[in-house]
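Structural features, examined
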Amino acid sequence: MIPLPRVAPGVAFSPIPIRRGMRVFVLTGAGISAESGIRTFRDAGGLWEQHRIEDVATPEGFLRNPPLVWRFYSERRQQAGLVSPNPAHHAIARLGDFLGEDLFVCTQNVDPLHERAGARGVLHMHGELLRTRCSGCDRPSFEDDRAYLDRPPRCECGALLRPDVVWFGEIPKGMDQIGAAVASCDLFVTVGSSGAVYPAAGLASHVRNFPSVRTGRFARTIYVGLERPENAHSFDECRLGKAGELLPDLFKLEG
Ligand code: NAD
């Protein structure tokens, strides 16, 4: 039987020893960016910056009111220009410097704060705020930090352009890569995610139920965040506290 998670304030746990060659999967959610001043969904009871999710984060919402959706993401783009990474983003970037390609960082966040902290190769499974794509043709997405506050932009093909973010009801990006990294990790860490949004919330459960395809051993699963997540049963430990305070001492880099 899989044991219940140990849930306690982060200071009650010891740092996690990290050796070179160890494969680590880090999944981050909106909570890691909260101390940088970007609000999570949960802060406002399922609203995102005072907007209903159905209005600003679904394909139907975009079809109903493209100017509203573009205004919303344009304001988030303007905000992204003003925010900086916090100690949690920096701690993950340092872990990447130590482990190189053996660290897989997957974020549900659309903000660019991992990259601003120096992290490389971050997979944004829910897309990126500072990229735009066409809603009609298969032209590749492109970097775009412009704000479209009045009129939604159009592609050369005539269709509306849209933010390159993955909305509810759409398929997250990079699921094959994510699946391969989850299946072969030695340590799985989630930071600041309520465990309510799938498929991201199901990754820890996979790690806890299936041994690594590489080593045949079960990986350790750790949650770090303000409160017990909805998928707490998927973790060996839930270390409660602010990401910016716990992450700098979470890993003990050895050798
Ligand atoms: P969520 O809003 O559902 O949950 C955030 C979690 O973070 C909560 O459990 C909360 O307790 C925790 N938290 C809050 N402050 C924290 C802190 N200082 N330190 C540690 N934990 C803290 O977020 P989610 O699970 O990531 O899922 C929501 C979806 O929202 C994602 O798909 C994402 O695309 C989108 N989103 C992204 C951003 C962003 O890019 N920064 C912001 C809001 C929402």
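Residues numbered from 1 in each chain as written. Predicted model: local features only at pLDDT ≥ 70, side-chain atom pairs only at ≥ 80, totals over all residues. Heavy atoms only, no water.

Notes on the sheet that holds strand β9 (residues 142–143)
Spatially, 3 strands are ordered β9-β8-β10 in an open sheet, and the strand pairing comes out antiparallel. This sheet does not close on itself; its edge strands, each paired only once, are β9 and β10 (161–165). Each of β8 (127–134) and β10 touches helix α4 (residues 66–80); the most contacted strand, β8, lies at about 135° to it. (Pairing = 2+ DSSP bridges. Helix = DSSP H or I, 4+ residues; strand = E, 2+ residues; numbered from the N terminus. Contact = heavy atoms within 4.5 Å. Axes fitted to C-alpha atoms, helices over the stretch in contact; angles between N-to-C directions.)

Remarks on the pattern of salt bridges
Scanning the entire structure with this criterion turns up 15 salt bridges. Put simply, R208 and D236 hold a salt bridge, and the shortest N to O gap is 2.9 Å. You can see R208 sitting in helix α8 (residues 203–209) and its partner D236 sitting in the loop between β12 (220–225) and β13 (237–240), a full 28 residues away along the chain. Since its relative accessible area comes to 26%, D236 is described here as partly exposed. The partner of E237 in a salt bridge is R220, with the nearest N and O atoms 2.9 Å apart. Of this pair, E237 sits in strand β13 while R220 is found in strand β12, placing the two residues 17 residues apart along the sequence. Given a relative accessible area of 11%, E237 falls into the buried group. Through salt bridges with shared partners, one network takes in R52, E54, D55 and R64. (Salt bridge = Lys/Arg side-chain N within 4 Å of Asp/Glu carboxyl O. Buried < 20%, exposed > 50% of the residue type's maximum accessible area, 1.4 Å probe, protein only.)

Some details on helix α5 (residues 87–99)
When the terminal C-alpha atoms of α5 are compared, their 18 Å separation across 13 residues agrees well with the 18 Å that a helix rising 1.5 Å per residue should span. By the burial criterion, the buried members of α5 are A88, H89, A91, I92, A93, L95, G96, F98 and L99. Among the residues trailing α5, G100 stands out with phi positive, at a value near 60°. (Expected span 1.5 Å × (residues − 1).)

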